[in-house]
Amino acid sequence: MTGKQTFDWRSVFAKIAEPRAWISPRRKRFWLWVVVLVYTLAGFFLVPWIAQRQIVAAIEHHLGRPGQVEQVRFNPYALSAEVRGLRVSETDGAPLFGFERFYADVQLGSSLLHWAWTIREIRLEGAASELIRYGDGDTNIGRMIAALTAKTPADEPQPEAKPDTAGSMPRLVIQSLAMVDFNADIRDETRTPVFATHIGPVSLEAHALSTLPEQTGTHQIVIDTEAGGRLAWGGHLQLNPLKSNGNITASGAYVTLLSRYLQDAVNFTAGESTTTLNLDYQVESQADGSIVASVDQVELVLQDLALRAGGDDTPFLQLPQLRLAGGYFEWPAKVIRADSLTLSGLDLRVSRDAKGSLSFTQLVKTRAEMKPDDAVAAAPADATTPAPEPATATPMSDWTLQLGTAALKDGRLRFVDSVPKTPASVTVNTIALTATALSNTAGARFPLSLGLTLASGGSVKANGTFSVLPKLTLDATIQGSDLAIAVIQPYASEVARVRIAGGALGFDTRVAMPSMDALAVDGSLSFSDLDVRDAAEGKPLLAWKNLAVDQYAYRVADNALDVSEVALSAPYARVQVNADQTTNVQQLLVKRAEAAAESKPSAKDSGSSTTVTIGKISLSKGSADFADRSLPLPFATHITRLEGAVSTLSTASRNPARLSLNGQVDRYGVARIQGKLTPFDPTLDTDIRLLFRNIEFPDLSPYTVKFAGRRIDSGRLEVSLQYRIERGALKGDNSVVISDLQLGEKLDQPDAMTLPLGLAIALLKDSDGKIQVDLPVSGNIGDPQFELGGVIRKAIVQLITGVVTAPFRFLGSLVGMESEQFDQIAFEPGQPEVPPPALEQLGKLAEALQKRPILALEVPGAFVAEPDRAALQSQRVSAKIDAGVEALRAAKSREQSLTVLQRKVVEELFHLRFPDESPKDLQAGFRRPPPDDPQGKAQLDESAYVSALQLRLEQAEAVSDADLDALGVARAQAVVAAITDSGEIAAERVQVGAPEAAKLDQRGWVILKLGVVKAPAP
């Protein structure tokens, strides 16, 4: 029977029309017709009615969700069933699952014939489902299954499970299986925004499916996805034992779909790319239950991929085509291989924002950018939640991985760095990368080639081999040529206001890396035609023709860099002092907005530093320009023919490097620098000698004007400078010889130091017209305020000021006098005569003046008002008392006792000076008992009484300022007489100065301080 056969109702009614055919219940035929009638009515009417209600009740009871069935049909003779309009909804009325029509037709005869359930046709039409994901492991279908499981009580008796016979399967034959127009809506509510997509229509067609042994059927599945995507799977299928082979093809915008699904986790979107996949497969079960599978002829093509960051119209990644060809997979042999993987036309844009973050790091959203619920879901489990056991992955060593060729063709890379104020941009126009014979075989080495060309100029090529297992190794040669360094201009502008106008880098390097900790790099490099200019004026600042390193080598194991020789050809530098006394280097340096914090050593910095060794540095045909605009007179000089070399430099050796440099200054001057230094630690051991010969002094007039406000008319300079640094302490022994020095006019220079150069020269110039001085300098170069130029300037100032402020110490040194008071003549208060010790001192001074014929001596008058006034008062009162005593003696006074005579004279003088006071009234204060009789009669202490009267007289004695001036002049004249009496010093070289207030020495004597000046021209 088939579903299309009809029942012969006419024959049935014909029998019924015969009354005796069915009226008599005694006949078997009667009951047969009753059974047929009941079967027919029950099959066509009762079974569908019961089935429809039971299906709805079962849905509501077991699934806990409302169900609906529009119609159920059953043909008891064809054994076919049809269900129409089945709907299962959520409790809130949302659709869950349903279909328009389900039809099944069982063939009883064939089933009996083959002793297997034989279904002629199973057909599902218009099925639809909605799958909603609420969280990890939580879906609407899952909830429905959980409700179905919960309806079976745990204590409900279950049918006893029977042991399954090995290899037994229910005998089933499905001649035709079809699913037409199946559609599914999928929604994932864990994503933000909610992800939704549609799958369908899905069609399935299978023929001759059978669980009977060695029976093979066919199947074809076509699944349409959104945006025109399609997956087709067709082939042959054998169920007993399992065996399948066929072909799978897919095409569509699957990358776009994945990008849309991940929008809450990523900050980029994918354009309408197309992915196509084609493969053949074969699956077969073995007698032991294992599965043997293989996939071959895999062809995967991804075209027109474009990834855009959020809000950016320009893709940061464009890939016209990715092609995987000749793919193959085999299980359980664990083999994966492919003939080739090719990326064609990859265009990648990478950027770094002003905060230093790479654009790639911003493509994945941080937890703060997610919704709170998403952040909680993404947060790691706390201590109370046991962490899931990590899944045990199959070790890659168990797999055979092979790739014939991996290639990047016509690649392009653009990098923009916004960290500098002016963004930096590097563009690699073409990238060609090829690696062949790739595999995970331990110890296998794979050929590698790389070629790059840069938009800014130059190219890089690399060839070699590398391996991955059991460790990463690399052996390659890398060559770079004509790489323009102007590409680093934005970074250079962050440090200095310069413009890189030229310069190209080339190198030839070999990299050997048998392991990460045994990396070795060696090769050579050249840096040619450097041209760095002042960005403001465009003038050359730093340049060279070529900097060549003939051989260098770096070893990670030793952490050592070894450079054979650095040859610098035709270097040039321009140094200029600006009007505000800053240098062009200072002016070019860019000040940072924030001061750099003092670096502190960290744990990461505790490792050993790199050992650097440079065999030799040679310099040829060097030149430099120096100009100083801060001076009142224009000054510039040019140094040429700078030649020399520096010997071996090494951070691992405490042996200092030797250096020798020679150059020409202007037309006839010579500059030479020789010595030794420890360049990587100059404070350790440095000994530098600088020699400047035949330098014309007029060329240095701007500096003397700036320094002391005087021009130089003529003269030549020879300077020998030697600087030694030992453990941070600087000691300099400098010798300066100036010949035929003639000072010129004075110029108004506000910043000039008030140094009496004329006097200093007069003091320093010997009888041959030369000035020879030693100029020691010292300092601690570890002091942040240390500056060598400042130290030398200070030494010169100290020399000149020391000479002019202490000229007599200098003169004393000429005649062996080390006295600190060689310029001081001490006079007793009130006395004009030169004491005998000072006469010897003045004799030595006359001898020193003979050695400096252009010096003149200044002798000022000197007095100290109070002690000299008191001395003169005492002298004058004493003279009056002495005169009065002599007068009384001349008058032959009866009283000849000197004490009595002095008392009479003093009382008389007191009466004359103080007529209103009586001496007798003053006597009361000087009457005392005898020393040997404290209770005796008081007597007059004449000595104390006379001394008191005399003191009153001295205090009242008049000494005028003119008297003090006269005393000072008398003292000066006494000094002049002492120096000129010998006749060796002409009177014209000793000048008497005006009287002036002086000071007292420790003894209370008056100090007359001598001075020297340049003698007037004859």
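Residues numbered from 1 in each chain as written. Predicted model: local features only at pLDDT ≥ 70, side-chain atom pairs only at ≥ 80, totals over all residues. Heavy atoms only, no water.

Student: So what exactly am I meant to see when it comes to the overall build of the chain here?
Tutor: When its secondary structure is counted, the chain shows 19 helices and 48 strands. Out of the 1018 residues belonging to the chain, those deemed buried represent 35%. In the chain, the proportion of contacts linking residues at least 24 apart, taken out of those at least 6 apart, comes to 58%. Accessible surface computed for the chain: about 58700 Å², of which carbon and sulfur atoms make up 57%. (Helix = DSSP H or I, 4+ residues; strand = E, 2+ residues; numbered from the N terminus. Buried < 20%, exposed > 50% of the residue type's maximum accessible area, 1.4 Å probe, protein only. Contact = heavy atoms within 4.5 Å. Areas by Shrake-Rupley, 256 points an atom, 1.4 Å probe, with all protein chains shown as cover.)

Student: Got a minute to help me understand the environment of Thr211 in this structure?
Tutor: Mapped onto the fold, Thr211 is located in the loop between strand S9 (195–210) and strand S10 (216–224). In this structure, the C-alpha to C-alpha distance between Thr211 and Pro170, residues 41 residues apart in sequence, is 6.9 Å. Among the polar contacts listed, one links the side chain of Thr211 to the backbone nitrogen of Leu172, at a separation of 2.7 Å. (Polar contact = N/O pair within 3.5 Å; in protein donor to acceptor, adjacent residues only side chain to side chain.)

Student: Looking at this structure, how should I read the pairing of strand S34 (residues 657–665)?
Tutor: Regular strands place side chains that alternate from one sheet face to the opposite one. Of the two faces of S34, the one lined by Ala657, Leu659, Leu661, Gly663 and Val665 is fully buried and the one lined by Arg658, Ser660, Asn662 and Gln664 carries no buried residue. Sheet topology note: the S34/strand S35 (residues 669–677) ladder contains 9 bridges and is antiparallel. Bridge pairing in S35 places Val665 opposite Gly669. (Pairing = 2+ DSSP bridges.)

Student: Sorry if this is basic, but what is going on with the packing of aromatic side chains here?
Tutor: For any pair of aromatic rings, the description rests on two quantities: the centre-to-centre distance and the angle between the ring planes. In this structure the tally under the stated criterion is 10 aromatic pairs. A ring pair is formed by Phe97 and Phe99, whose centres lie 6.3 Å apart and whose planes are at 70°; its orientation type is edge-to-face. If you follow Arg952 out to its NZ or CZ, it ends over the ring of Phe914, 4.8 Å from the centre. (Phe/Tyr/Trp six-rings, centres within 6.5 Å; stacked < 30°, edge-to-face > 60°. Lys NZ or Arg CZ within 6 Å of the ring centre and 35° of its normal.)

Student: When you look at the pattern of salt bridges in this model, what are you seeing that I'm missing?
Tutor: Two side chains carrying opposite charge are able to pair once their charged atoms lie near each other. One pass over the structure, following the stated rule, counts 32 salt bridges. The residue Arg533 makes a salt bridge to Asp531 at a minimum N-O spacing of 3.1 Å. Look at Arg533 and you get partly exposed, because its relative accessible area is 23%. Across the pair Arg952 and Glu917 runs a salt bridge whose closest N-O atoms are separated by 3.3 Å. Here Arg952 is found in helix H18 (residues 942–956), whereas its partner Glu917 is found in the loop between helix H16 (898–913) and helix H17 (919–923), with 35 residues between them in sequence. Each of Arg73, Glu82, Arg84, Arg101, Arg123 and Glu125 takes part in a single network of salt bridges with overlapping partners. (Salt bridge = Lys/Arg side-chain N within 4 Å of Asp/Glu carboxyl O.)

Student: What am I meant to see in the packing of helix H15 (residues 865–890) against H16 here?
Tutor: The packing of two helices is summarised by the inter-axis angle and the distance between the axes. Put simply, H15 and H16 touch, their axes get as near as 9 Å, and they point 120° apart. Taken together, the axes of H15 and H16 are oblique relative to one another. Considering how the two elements wind past one another, H15 and H16 form a crossing that is right-handed. In contact with Lys880, Ile881, Gly884, Val885, Leu888 and Arg889 of H15, H16 contributes Leu898, Leu901, Gln902, Lys904, Val905, Val906, Leu909 and Arg913. Along the lines of polarity and charge, the residues of the contact of H15 with H16 split into 8 nonpolar, 2 polar and 4 charged. (Axes fitted to C-alpha atoms, helices over the stretch in contact; angles between N-to-C directions. Parallel < 35°, antiparallel > 145°, perpendicular 65-115°, else oblique. Left-handed = near helix turned anticlockwise from the far one by under 90°. Nonpolar A, V, L, I, M, F, W, Y, C, P; charged D, E, K, R; others polar.)

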